[in-house]
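Summary of the model geometry
Each chain, letter by letter, is given below.
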Amino acid sequence: MLRIKIEDIGNTKEEVIKTLEQISKDFPKVAEKITKRFLESIRGSIVKDYLKGQVLKSVTGKLSSSIRWWLQGTEGYIGSNLIYAAIHEYGGTITPKNVQYLTIPMWKGAANMIGGARAVPNAFFKVTNGKLMLYGKSKYGVMPYYLLLKSVTIPARPYIWPAIQKFFEGDAQRIAELTLEQEIVKQRNLNIEAG
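Summary of the structure given here. This one's a predicted model, so the numbers in the text were calculated from it and none came from an experiment.

**A short note on the pairing of strand 2 (residues 75-79)**
As paired strands, strand 1 (residues 68-72) and strand 2 are joined by five bridges and run antiparallel to one another. Paired with Leu 71 across the bridge in strand 2 is Gly 76. The turn linking strand 1 back onto strand 2 is made up of two residues, and Gly 73 within it adopts a positive phi angle of 70 degrees.

**Description of the environment of Pro 144**
As for its placement among the helices and strands, Pro 144 is situated in strand 7 (residues 141-149). Residues Pro 144 and Leu 134, spaced 10 residues apart in sequence, show a C-alpha to C-alpha distance of 6.0 Å.

**Let's talk about the packing of aromatic side chains**
Applying the stated criterion across every chain yields a total of six aromatic pairs. Between Phe 124 and Tyr 135, the ring centres sit 5.6 Å apart and the planes meet at 15 degrees, which makes this aromatic pair stacked. Within this pair, whereas Phe 124 is found in strand 5 (residues 124-128), its partner Tyr 135 is found in strand 6 (residues 131-138), the two being separated by 11 residues in sequence. The exposure class assigned to Phe 124 is partly exposed, which follows from its relative accessible area of 27%. Since its relative accessible area comes to 10%, Tyr 135 is described here as buried.

**A word on the packing of helix 2 (residues 27-50) against helix 6 (residues 161-169)**
At a closest axis distance of 9 Å, the pairing of helix 2 and helix 6 adopts a crossing angle of 125 degrees. In this view, helix 2 runs oblique relative to helix 6, as classed from their interaxial angle. Note on packing geometry: the crossing formed by helix 2 with helix 6 is right-handed. Counted together, Phe 38, Ser 41, Ile 42, Ser 45, Ile 46, Asp 49 and Tyr 50 of helix 2 and Pro 162, Ala 163, Ile 164, Lys 166, Phe 167 and Phe 168 of helix 6 form the full contact between these two elements. Grouping the amino acids of the contact of helix 2 with helix 6 by side-chain chemistry returns nine nonpolar, two polar and two charged.

**Topic: the sheet that holds strand 7**
The four strands are arranged 4-7-6-5 in an open sheet whose pairing can be described as antiparallel. Each end of this open sheet is capped by a strand with a single partner; those strands are strand 4 (102-105) and strand 5. For this sheet, the mean angle separating the axes of adjacent strands, direction not counted, is 40 degrees. Note that strand 6 and strand 7 share six bridges and pair antiparallel. By the bridge assignment, Ser 138 is partnered in strand 7 with Gly 141.

**Section: the pattern of salt bridges**
What the rule picks out here adds up to four salt bridges. Between Asp 49 and Lys 48 there is a salt bridge; the shortest N-O distance is 3.4 Å. The salt bridge involving Asp 49 is made with Lys 166; its shortest N-O contact spans 2.7 Å. On the criterion of sequence distance, the pair formed by Asp 49 in helix 2 and Lys 166 in helix 6 is long-range, its members being 117 residues apart. Here Asp 49 falls in the buried class, since its relative accessible area comes to 18%. Residue classification places Lys 166 among the partly exposed positions, given a relative accessible area of 42%.

How each quantity is defined
- Residues numbered from 1 in each chain as written.
- Predicted model: local features only at pLDDT ≥ 70, side-chain atom pairs only at ≥ 80, totals over all residues.
- Heavy atoms only, no water.
- Pairing = 2+ DSSP bridges.
- Helix = DSSP H or I, 4+ residues; strand = E, 2+ residues; numbered from the N terminus.
- Phe/Tyr/Trp six-rings, centres within 6.5 Å; stacked < 30°, edge-to-face > 60°.
- Buried < 20%, exposed > 50% of the residue type's maximum accessible area, 1.4 Å probe, protein only.
- Axes fitted to C-alpha atoms, helices over the stretch in contact; angles between N-to-C directions.
- Parallel < 35°, antiparallel > 145°, perpendicular 65-115°, else oblique.
- Left-handed = near helix turned anticlockwise from the far one by under 90°.
- Contact = heavy atoms within 4.5 Å.
- Nonpolar A, V, L, I, M, F, W, Y, C, P; charged D, E, K, R; others polar.
- Salt bridge = Lys/Arg side-chain N within 4 Å of Asp/Glu carboxyl O.

This is how it looks when you write it as structure tokens:
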């Protein structure tokens, strides 16, 4: 719970009442401003504190750059629209849908092949160290292209929820107070100019 202590919002009773009345009229806008600042701070923490190798190793930077926040009515949301974002946050098991095996690239060139495992030149299967592998023969010789698995279990590696918890244990109070204080000063200045 956030607690805000308001001090020095006017010199007279009338100034205090006028400032508080105006803030209460503008409160939905003030609450929206506070929520936006909360979400932007949380987004920054996710990217800086959790997606730069602390929780997940950044390979392409796509997950980091996909983190977005948005408001819907009075509620704020933060997340990613990438298909693999949730599996990193919550963990889970991935199984093949229309094929017998998942194909895990053994090297970067295999991962970037157009056509995937079906495009491996002169392909053949071989069990290596107890694991089923898809090999290919190319001008460089015989090499493993893909590890074939029935399923892969990805452990949970949360990066959103810890950032939210850390934020509310630390910066939330300060940001709410600062934003509200700025709005009070703004209203006082408007009241003084109008008065």
